[in-house]
Amino acid sequence: MRIAEIFKSLQGEGLLTGTPSVFVRVSGCNLRCRFCDTPFASWWPEGEELTIDRIVARVAELGEKHLVLTGGEPMIFAESVELTQRLRALGRHITIETAGTRYLPVTADLMSISPKLSNSTPDASVDTAWAGRHEARRHAPEVVRRLVAEYPYQIKFVVDSLEDCREVEKYLAQFPEIDRDRVLLMPMGTEPPRLAETAVWLEPYCNQHGLRFCPRRQVEWFGGVLRGT
């Protein structure tokens, strides 16, 4: 299983914000988001091949109760099934970060689903092949529906404009089973000033529409550092 990094930090996003956690970041993704903040795990995958035994041993050394399996995209790795079973046997609370385009019968206490809006598609003039692949793959409603039915969940959208918010509403209209109190809107960006600028209008929007505002606390805490946060 190709792993980009394993590290201990604080969860910066979502319902468990502020929770000390160990992060296992797989390297490899079936999408190529325009705004990806971990290109070393997607656009240009880096890392080393580790056995599940080595990953579990490293997690055990770091010692936190909460574990986040992230990427890249963990759900494209069949090994994620055994890995999450082994981590549960260690007594870990497991969050899985996924774009919701692939399904695996993993073990998870929180399925953190980040559906990709049209704002995620890369510019065709930069990479024509990936622009087409990304657009074709980014929306998989049958997968999201299954994940929401089978796991405790949160839904996170990256937004940068009111038009993005309107797209979120159209998306949610397809899923009446999704609890709006578990839907989080997160500003796009990796620089604190930009996030703060978006928050000025996005937080009131969330309050008015029965959604949750999701600040990117890791950016506030650590700046635009890509690794180990």
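Note that this is a predicted model, so its numbers are computed, not measured.

About the criteria used
Residues numbered from 1 in each chain as written. Predicted model: local features only at pLDDT ≥ 70, side-chain atom pairs only at ≥ 80, totals over all residues. Heavy atoms only, no water. Helix = DSSP H or I, 4+ residues; strand = E, 2+ residues; numbered from the N terminus. Rg over C-alpha atoms; globule rule 2.2 N^0.38 Å. Buried < 20%, exposed > 50% of the residue type's maximum accessible area, 1.4 Å probe, protein only. Contact = heavy atoms within 4.5 Å. Areas by Shrake-Rupley, 256 points an atom, 1.4 Å probe, with all protein chains shown as cover. Pairing = 2+ DSSP bridges. Axes fitted to C-alpha atoms, helices over the stretch in contact; angles between N-to-C directions. Polar contact = N/O pair within 3.5 Å; in protein donor to acceptor, adjacent residues only side chain to side chain. Patch = residues over 30% accessible without salt bridge, like charges linked within 9 Å, V, L, I, M, F, W, Y side chains within 5 Å. Salt bridge = Lys/Arg side-chain N within 4 Å of Asp/Glu carboxyl O. Left-handed = near helix turned anticlockwise from the far one by under 90°. Nonpolar A, V, L, I, M, F, W, Y, C, P; charged D, E, K, R; others polar.

Draft legend 1. Here's a closer look at the overall build of the protein. Counting secondary structure elements, the protein contains 7 helices and 9 strands. For the protein, the C-alpha radius of gyration of 17 Å lies close to 17 Å, the compact-globule estimate for 229 residues. C-alpha extents for the protein along the principal axes are approximately 45 × 35 × 35 Å. Going through the 229 residues of the protein one by one, you find that 55% of them count as buried. Of all intrachain contacts in the protein linking residues separated by at least 6 positions in sequence, the fraction that spans at least 24 positions is 70%. For the protein, the computed accessible surface area is about 10,100 Å², with 51% contributed by carbon and sulfur atoms.

Draft legend 2. View of the environment of V56. Tracing the backbone shows V56 in helix α1 (residues 52–62). Sequence separation of V56 and R86 is 30 residues, and the distance between their C-alpha atoms is 7.2 Å.

Draft legend 3. Geometry of the sheet that holds strand β6 (residues 110–113). As summarised here, the arrangement of the 9 strands in space is β3-β1-β2-β4-β5-β6-β7-β8-β9, forming an open sheet in which the pairing is mixed. Both outer strands of the open sheet, β3 (48–49) and β9 (212–213), are each paired with one neighbouring strand and no more. For strand β1 (residues 2–10) and strand β2 (residues 20–26), the ladder comprises 7 bridges, and the chain directions are antiparallel. Its bridge partner being in β2, S9 is matched across the sheet by S21. On the sheet, helix α4 (residues 141–150) packs against β5 (93–98), β6 and β7 (153–159) and is oriented at approximately 155 degrees with respect to β6. Where helix α6 (residues 192–208) meets the sheet, its contacts fall on β7, β8 (183–187) and β9, and the angle it forms with β8 comes to roughly 155 degrees.

Draft legend 4. Representation of the side chain of E5 within the structure. Secondary-structure assignment places E5 in strand β1. Polar side-chain contacts of E5 include one of 2.8 Å to the side chain of R25.

Draft legend 5. Expanded view of the side chain of T84. Tracing the chain through its elements places T84 in helix α2 (residues 79–89). A distance of 3.0 Å separates the side chain of T84 from the backbone oxygen of V81, its partner in a polar contact. Look past the residues within four positions of T84 in its chain and what remains in contact with it is L69, I94, I96, V106 and T107.

Draft legend 6. Representation of the environment of V22 within the structure. Position of V22 among the secondary structure elements: in strand β2. Separated by 43 residues in the primary sequence, V22 and K65 place their C-alpha atoms 8.0 Å from one another. Apart from the residues lying within four places of it in its own chain, the contact partners of V22 are I6, F7, K8, V59, L62, E64, H66, L67 and V68.

Draft legend 7. Fine view of α2. Along α2, the positions that sit buried rather than exposed are S80, V81, L83, T84 and L87. Looking at the buried side of α2, the elements it contacts are α1, β4 (66–70) and β5. In the segment just after α2, G91 is the residue with positive phi, at about 85 degrees.

Draft legend 8. Spotlight on a nonpolar patch on the surface. Nonpolar side chains collect at one region of the surface, where L10, W221 and F222 lie side by side and expose about 250 Å² of accessible area between them. Residue classification places L10 among the partly exposed residues on the basis of a relative accessible area of 31%.

Draft legend 9. Local environment of the packing of α1 against α2. Packing of α1 against α2 brings their axes to within 10 Å, and their N-to-C directions diverge by 35 degrees. When the axes of α1 and α2 are compared, the crossing they make is right-handed. Contacts between α1 and α2 involve I52, D53, I55, V56 and V59 on the former and, on the latter, E79, E82, L83, R86 and L87. Tallied by class, residues from the contact of α1 with α2 come to 6 nonpolar, no polar and 4 charged.

Draft legend 10. Just the pattern of salt bridges, in detail. What the rule picks out here adds up to 19 salt bridges. Among the salt bridges present, the one from R86 reaches E82, with a minimum N-O distance of 3.7 Å. One end of the pair is R86 and the other is E82, both in helix α2 and 4 residues apart, which spans about a single turn. Here the salt bridges do not stand alone but share partners, grouping E13, D37, E97, K156 and R216 into one network.

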